[in-house]
Protein chains: 2
Amino acid sequence: MFDQLRFDYLSCAGHPHLHTPNIDALAARGLRFTRAYVQSPVCGASRMSTYTGRYTSSHGAQWNGYPLRVGEMTLGDHLRPLGMGCWLVGKTHMRADVEGMKRLGLSPDSVIGARQAECGFDIWCRDDGLWSAGPDGCYDPRPSPYEAYLKSRGYEGDTPWADYANAALEDGRTVSGWFLMNARKPANIREEDSETPWLTGEAIRFIEQARSPWCAHVSYIKPHWPYIVPAPYHAMFGADQVVPPRRSEAERADPHPIYAAFMDTPVARALSRDEVREQVIPAYMGLIRQADDQMGRLFAFLEDSGRMEDTMIVITSDHGDYLGDHWLGEKDLFHEPSVKVPLIIYDPSPEADASRGTSCDALVESIDLAATFIETAGGKVPGHVVEGHTLLPFLRGERPDDWREVAISEYDYSMLPICERLGLAPRDARLFMVAGRRWKYVHAEGGFRPMLFDLENDPDELHDLGASPDHSEVIAQMHAHLCSWARRMAQRVTMSDARIIAARGASDRKGILIGAASPDDVAPELAAFYQGKARKDRSGRG
Amino acid sequence: MFDQLRFDYLSCAGHPHLHTPNIDALAARGLRFTRAYVQSPVCGASRMSTYTGRYTSSHGAQWNGYPLRVGEMTLGDHLRPLGMGCWLVGKTHMRADVEGMKRLGLSPDSVIGARQAECGFDIWCRDDGLWSAGPDGCYDPRPSPYEAYLKSRGYEGDTPWADYANAALEDGRTVSGWFLMNARKPANIREEDSETPWLTGEAIRFIEQARSPWCAHVSYIKPHWPYIVPAPYHAMFGADQVVPPRRSEAERADPHPIYAAFMDTPVARALSRDEVREQVIPAYMGLIRQADDQMGRLFAFLEDSGRMEDTMIVITSDHGDYLGDHWLGEKDLFHEPSVKVPLIIYDPSPEADASRGTSCDALVESIDLAATFIETAGGKVPGHVVEGHTLLPFLRGERPDDWREVAISEYDYSMLPICERLGLAPRDARLFMVAGRRWKYVHAEGGFRPMLFDLENDPDELHDLGASPDHSEVIAQMHAHLCSWARRMAQRVTMSDARIIAARGASDRKGILIGAASPDDVAPELAAFYQGKARKDRSGRG
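What counts and what doesn't
Residues numbered from 1 in each chain as written. Chains lettered and ligands numbered in written order. Predicted model: local features only at pLDDT ≥ 70, side-chain atom pairs only at ≥ 80, totals over all residues. Heavy atoms only, no water. Helix = DSSP H or I, 4+ residues; strand = E, 2+ residues; numbered from the N terminus. Buried < 20%, exposed > 50% of the residue type's maximum accessible area, 1.4 Å probe, protein only. Contact = heavy atoms within 4.5 Å. Salt bridge = Lys/Arg side-chain N within 4 Å of Asp/Glu carboxyl O. Least-squares fit on C-alpha atoms with pLDDT ≥ 70 in both. Axes fitted to C-alpha atoms, helices over the stretch in contact; angles between N-to-C directions. Parallel < 35°, antiparallel > 145°, perpendicular 65-115°, else oblique. Phe/Tyr/Trp six-rings, centres within 6.5 Å; stacked < 30°, edge-to-face > 60°. Lys NZ or Arg CZ within 6 Å of the ring centre and 35° of its normal. Pairing = 2+ DSSP bridges. Buried area = accessible area lost by both parts, 1.4 Å probe. Expected span 1.5 Å × (residues − 1). Polar contact = N/O pair within 3.5 Å; in protein donor to acceptor, adjacent residues only side chain to side chain. pLDDT = per-residue confidence, 0-100.

### Some words on the overall build of chain A
Phase 1: Scanning chain A from N- to C-terminus turns up 20 helices and 14 strands.
Phase 2: A total of 542 residues make up chain A; the buried ones form 65% of that total.
Phase 3: Excluding contacts between residues fewer than 6 apart, the proportion of contacts in chain A whose partners are at least 24 apart in sequence is 70%.

Rendered as structure tokens:
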């Protein structure tokens, strides 16, 4: 999993200037999904959905830093009983439910407690990126394995992540990759020591030592900001290879109030400036090109070690990046560059030959991966817990008739200052996307009108039809999809359908006789059990 | 809390023949709610909502015997940190999430584990009723404190609950209270040894020994079936005091398919027969009359011990009983006799003088009790966990302007054999009631039409308008209420609104600089932290 990798910044997805031969090669040996949506266009919430196989409003960790409630089942809980380990190599953005763990007396030092605190993973190494940030103290107070590595390699100072991996040098002094105008300068670090090659090395080290079946979440922080990359990648792309922004002046005329508020954030204003895009996007492309080279390194290792024959490989991202499209930066909203992600699955098994080298435009969601992995590990998907659906049929070249008609994504933006400006209570700062084959509908809590896009006639989503009277019927249909999804069975997690069916009528068998007027109405053994025992009069009247 | 006590089987609620002077006296000193709805018309689900303050689709324990997921917060979790104990004296219908506890390594023998296994209560005594049932073994395998008591009082045999407390004697042999035709016979037990007086004694013993502030869930199994009561209560009421059934032939002409299926169950068919009602209802009335006498005994003890001055008393039930109304028995559906319950709150504090002896027709839900108790214990209701609202304003004689417009109740009937007959998958065997001031709307999953009742012009709910074209607008309005409720914020349980608001912008303060084009765009200390450190060229190019 990459972080903030757009669906269309790969050559196999049609990027005109960014060549990604290694990822393309995997796509040529696997299946590429062209309509894969994340459950929320923000790191933490999206990842918790991928790790639980559940929608963000089902697991409740709806934004970065919202703790995942103790006891919520994760991939590790599903895979370990099937004999498959579940390991983390990189980023999760997990925040432990410290209060919940305390309430249940779970210590983070215990095996169970540690897994609860790390959303079910066993840790090979955890690196959420964003180390040694800020005068106000670290973003992440834990010791950084990456910074420890940099120090071991002789990078001086206490904050090498900020001072080398994400900074350039000018006249012997640091200039930070945090500042977009520095994006095209070379990071002051040997390429092999930068974040992406370092994590690839950790992944290889993990695989080398692994003895029993494993699922490894190899989770890169890049091409996520700070946008800066070491030589030679910093200079591979120029302003002439920056694709034009997907936006129109019409979008700024009478926009939806929430869209307007997001267009007015500093990051949106910055990325709306062409000179900023011309700095940022070449660096973003360089980071992806470096990532592709590291995929080549990883795949070569898998080939040489024979693992390519028995390892399923999935390439995806936790969300995209607007990069100035729609006058926005970052992610947050539901336009395709933000909510749609790359999804390539390589399955070495012969059953998957049917789909090798093809693409599929079915509506898939990141929660489908948990279901896919459980089935791949030989398990049956527990539909009362995991809300995603297995993708294995698509890999076998099948197209399930009963596949979902709409993909859902949610966004809880109550942590953002803009909801003050919009006058929203924390529980009303929520958006729901319902994407069908043709229409993309966005419902906003808090009394706003919806947004609506016609993906068939307006693939670039430049015309919001949410206020169009001509589309009231479509809006009603899409809203009905939202309502039926909102009523879904999401929390009956302690009872499987099979267990329910098996338990029907059990109470009768245990002697609970509801509505029997006389002994003739029940089985003879029950009548005999209850009637006819010789007893004394104990009513106190005898 | 009584079990299966109808809202209208109290003289203070207008019953013409059943006199309940002690409960009436409490109502005269407290506030009586006339539109109190349970979150599900079935014991287990309703109780788990009362104990968690959350809707059944939020906590997931949607039917009898569905385990309450480990970690779900209960009254005990909320009250103990406020210095108030939370104790069980009687029934809960709780099933522990054994798998979840195992996954988290929680032993039922530990204090934390025991509370998890008992939905947060500390146990004074637990009695779910239904002991020593059936040749197929016990309904409840645990040792029964009530049967131990009966044996200590000299009742012979292994199954005294079934053979004495819930059976009569005929020619020296048992005839069972399970069989409705035996309902009017006297139970073969001394009245003071029967279930209701025994539990009242346990409540008094608990209160006598309590030293620190407590919340006690005094939870009776009666007047729940088996419908049988000892002398003299068995003979207090006759067929002439049985109120006529609230039903009409019109209900049997073209009924809603789900209603039709419930009308065709054995208990519904039995209670539709007048001769059965004439046996059952006098016994049911006798059980309630006995319960009222025991309330008198409990209140007298509280007066004598001074506890009446510092104890809030709530009288309610977990659901009602059709008793043949609408051609139905038991509960399950959403007509008033099933889903509406008595709710009387006596608050000794002077603030409550404003409402003493009055009644209130606001739409209240059983989940409101948890919020009320938390506030009474001096806490602030955690709105991100508890979905109910405090009732204290009503006790102070206020009428909150922003009170709920609709009450919600849900029913998961996937455990009932009738869903096979209806051809329903377990996840589609679900009903939602939305009750407003005038309209009661019932949505059914599985593609059925809705049900609709006009409580203003058809208070007895004899005319289902769910198929009426004249009411499509009302139906759309009520459905919209359902949808907005279904999208509620129910699982963001690890983040309070206050914590969210306080955390806004925290990432910037920690040095996460999103969208800063240059150092001029951020605070000087952040710019200084990231820029201008003297560093060597470590790019490998120097």
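### Details of the pattern of salt bridges
Phase 1: As enumerated under the stated definition, the model contains 98 salt bridges over all chains in all.
Phase 2: A:Asp3 is paired through a salt bridge with A:Arg47; the nearest N and O atoms lie 3.1 Å apart. Taken as a pair, A:Asp3 in the segment before α1 (21-29) and A:Arg47 in helix α2 (residues 43-52) lie far apart in primary sequence, 44 residues in all.
Phase 3: Across the pair B:Lys440 and B:Glu461 runs a salt bridge whose closest N-O atoms are separated by 2.7 Å.

### Some points on the relation of the copies chain B and chain A
Phase 1: Overlaying chain B on chain A yields an RMSD of 0.0 Å, the required transformation being a rotation through 180° with an accompanying axial translation of 0.0 Å. The symmetry that links the two subunits is that of a two-fold axis.
Phase 2: Interface overlap between copies: 100% of the residues of chain B at the interface are likewise at the interface in chain A, consistent with a symmetric, same-surface contact.

### So, helix α14 (residues 368-376) of chain B
Residues and elements named next belong to chain B.
Phase 1: For α14, the tally of buried residues reaches seven of nine residues, placing the bulk of the element in the interior.
Phase 2: Those residues of α14 lying buried are Asp368, Leu369, Ala370, Ala371, Thr372, Phe373 and Ile374.
Phase 3: Count one or two residues on from α14 and you reach Gly378, which has phi positive near 95°.

### Notes on the packing of helix α1 (residues 21-29) of chain B against helix α12 (residues 274-304) of chain B
All names here are of chain B.
Phase 1: Put simply, α1 and α12 touch, their axes get as near as 7 Å, and they point 50° apart. Regarding the angle of α1 to α12, the classification is oblique. Between α1 and α12, the residues in contact are Pro21, Asn22, Ile23, Leu26 and Arg29 and Asp292, Asp293, Met295, Gly296, Phe299 and Glu303, respectively.

### Some details on the packing of aromatic side chains
Phase 1: For the structure shown, the criterion picks out 42 aromatic pairs over all chains.
Phase 2: Relative to B:Phe394, the ring of B:Phe33 lies with its centre 5.9 Å away and its plane at 85°, an arrangement referred to as edge-to-face. Remark: B:Phe394 occurs in helix α15 (residues 392-395) and B:Phe33 occurs in strand β1 (residues 31-37); sequence separation between them is 361 residues. With respect to class, B:Phe33 is no different from B:Phe394; both count as buried.
Phase 3: On the basis of an interplanar angle of 65° and a centroid distance of 6.0 Å, the ring pair of B:Phe432 and B:Trp485 is categorised as edge-to-face. A residue pair is termed long-range when its members are at least 10 positions apart, and B:Phe432 in strand β12 (residues 430-435) and B:Trp485 in helix α17 (residues 472-486) qualify at 53 residues.
Phase 4: For B:Trp485, a relative accessible area of 10% gives the class buried.
Phase 5: Linked through ring pairs, A:Trp161, A:Trp178, A:Trp225, B:Phe529 and B:Tyr530 together constitute an aromatic cluster.
Phase 6: The ring of B:Trp485 has B:Arg488 lying over it, and the distance from NZ or CZ to the ring centre is 3.9 Å.
Phase 7: Over the aromatic face of B:Phe529 sits the side chain of B:Lys533, whose NZ or CZ is 4.5 Å from the ring centroid.

### A look at the sheet that holds strand β13 (residues 439-444) of chain B
Residues and elements named next belong to chain B.
Phase 1: Pairing within the open sheet is antiparallel, and its four strands lie in the order β11-β12-β13-β14. A single partner strand is all that each edge strand has here, and the edge strands are β11 (407-412) and β14 (451-454). This sheet shows a mean twist of 15° between the axes of neighbouring strands, independent of strand direction.
Phase 2: Summarising the sheet, β12 and β13 pair through five bridges and their orientation is antiparallel.

### Description of the interface of chain B and chain A
Many descriptions give the size of an interface as the accessible area lost when the pieces come together.
Phase 1: Taken residue by residue, the interface counts 127 residues in chain B and 128 residues in chain A.
Phase 2: Roughly 10700 Å² is buried in total at the junction of chain B and chain A, and carbon and sulfur atoms are behind 56% of that figure.
Phase 3: If you sort the residues of chain B by the area they bury against chain A, B:Phe179, B:Arg487 and B:Arg538 come out on top, with a joint share of 9%.
Phase 4: Our count for the contact surface shared by chain B and chain A stands at 18 salt bridges.
Phase 5: Among the ionic pairs, B:Asp412 bridges to A:Arg492, the shortest N-O distance being 2.7 Å.

### A look at unusual backbone geometry
Phase 1: Between A:Trp225 and A:Pro226 the backbone carries a cis peptide bond, its omega angle lying at -5°.
Phase 2: Among the structural elements, A:Pro226 can be located in the loop between β6 (214-219) and α10 (257-263).
Phase 3: Residue A:Pro232 follows A:Ala231 across a cis peptide bond; omega there is 5°.
Phase 4: Relative to the assigned elements, A:Pro232 resides in the loop between β6 and α10.
Phase 5: The phi dihedral of B:Asp254 is positive, around 50°, even though this residue is not glycine.
Phase 6: For B:Asp254, the position within the fold is in the loop between β6 (214-219) and α10 (257-263).
Phase 7: At B:Trp327, a position not held by glycine, the phi torsion is positive, near 60°.
Phase 8: Judged by relative accessible area, B:Trp327 falls into the buried class, the value being 6%.

### Thoughts on the pairing of strand β4 (residues 167-170) of chain A
Residues and elements named next belong to chain A.
Phase 1: Note: β4 against strand β5 (residues 173-176), four bridges, orientation antiparallel. Bridging across to β5, Leu169 finds its partner in Thr174.
Phase 2: With antiparallel pairing between neighbouring strands as the criterion, β4 and β5 make up a hairpin whose turn holds two residues, including Asp171 at a positive phi of roughly 50°.

### A few points about the sheet that holds strand β3 (residues 122-126) of chain A
Residue and element names in this part refer to chain A.
Phase 1: The strand order across the open sheet formed by three strands is β3-β2-β6, and the pairing between neighbours is parallel. Both edges of this open sheet fall to β3 and β6, since each of them pairs with a single strand only. Ignoring strand direction, the axes of neighbouring strands in this sheet form an average angle of 15°.
Phase 2: Bridge count between strand β2 (residues 85-90) and β3: four bridges; the pairing is parallel. What sits directly across from Leu88, in β3, is Ile123.

### Points about the environment of B:Gly296
All names here are of chain B.
Phase 1: By the secondary structure assignment, Gly296 is in helix α12.
Phase 2: Judged by its relative accessible area of 15%, Gly296 falls in the buried class.
Phase 3: For the pair Gly296 and Pro21, spaced 275 residues apart in sequence, the C-alpha to C-alpha distance is 8.3 Å.

### As for the environment of B:Ala444
Residue and element names in this part refer to chain B.
Phase 1: Position of Ala444 relative to the elements: it lies in strand β13.
Phase 2: Between the C-alpha atom of Ala444 and that of Phe432, which follows or precedes it by 12 residues, the distance is 6.5 Å.
Phase 3: Not counting residues up to four positions away in its chain, the partners in contact with Ala444 are Ile258, Arg430 and Leu431.

### Some thoughts on helix α9 (residues 195-209) of chain B
All names here are of chain B.
Phase 1: Between its first and last C-alpha atoms α9 spans 22 Å; for 15 residues at 1.5 Å apiece the expected length is 21 Å, and the two agree.
Phase 2: Extensive coverage of α9 is indicated by the burial of 12 of its 15 residues.
Phase 3: Residues of α9 that are buried include every one of Glu195, Thr196, Pro197, Trp198, Leu199, Thr200, Gly201, Glu202, Ala203, Ile204, Phe206 and Ile207, and no others.
Phase 4: Buried-residue contacts for α9 involve β2 (85-90), β3 (122-126), α7 (145-152), α8 (160-165), β6 and α12.

### Quick look at the side chain of A:Arg126
All names here are of chain A.
Phase 1: Of note, Arg126 is situated in strand β3.
Phase 2: In this structure the side chain of Arg126 is engaged in a polar contact, spanning 2.7 Å, whose partner is the side chain of Asp128.
Phase 3: Not counting residues within four places of it along the chain, the set of residues in contact with Arg126 comprises Leu88, Gly90, Thr92, His93, Met94, Glu118, Trp131, Arg142 and Pro145.

### Quick word on the confidence of the model for chain A
Phase 1: For chain A, per-residue confidence averages 96 on the pLDDT scale, and residues scoring 70 or more make up 98% of the total.
Phase 2: Confidence estimates for the predicted assembly give a pTM of 0.97 and an ipTM of 0.96.

### Comments concerning the pairing of strand β8 (residues 340-346) of chain A
Residue and element names in this part refer to chain A.
Phase 1: Within β8, seven of the seven residues are buried, which leaves it mostly tucked inside the rest of the structure.
Phase 2: Bridge count for strand β1 (residues 31-37) against β8 is five bridges, and the pairing is antiparallel. The residue bridging Tyr37 from the neighbouring strand is Lys340, located in β8.
Phase 3: Sheet topology places strand β7 (residues 313-316) next to β8; four bridges connect them, and they run antiparallel. Looking across to β8, one finds that Ile315 is bridged to Ile344.

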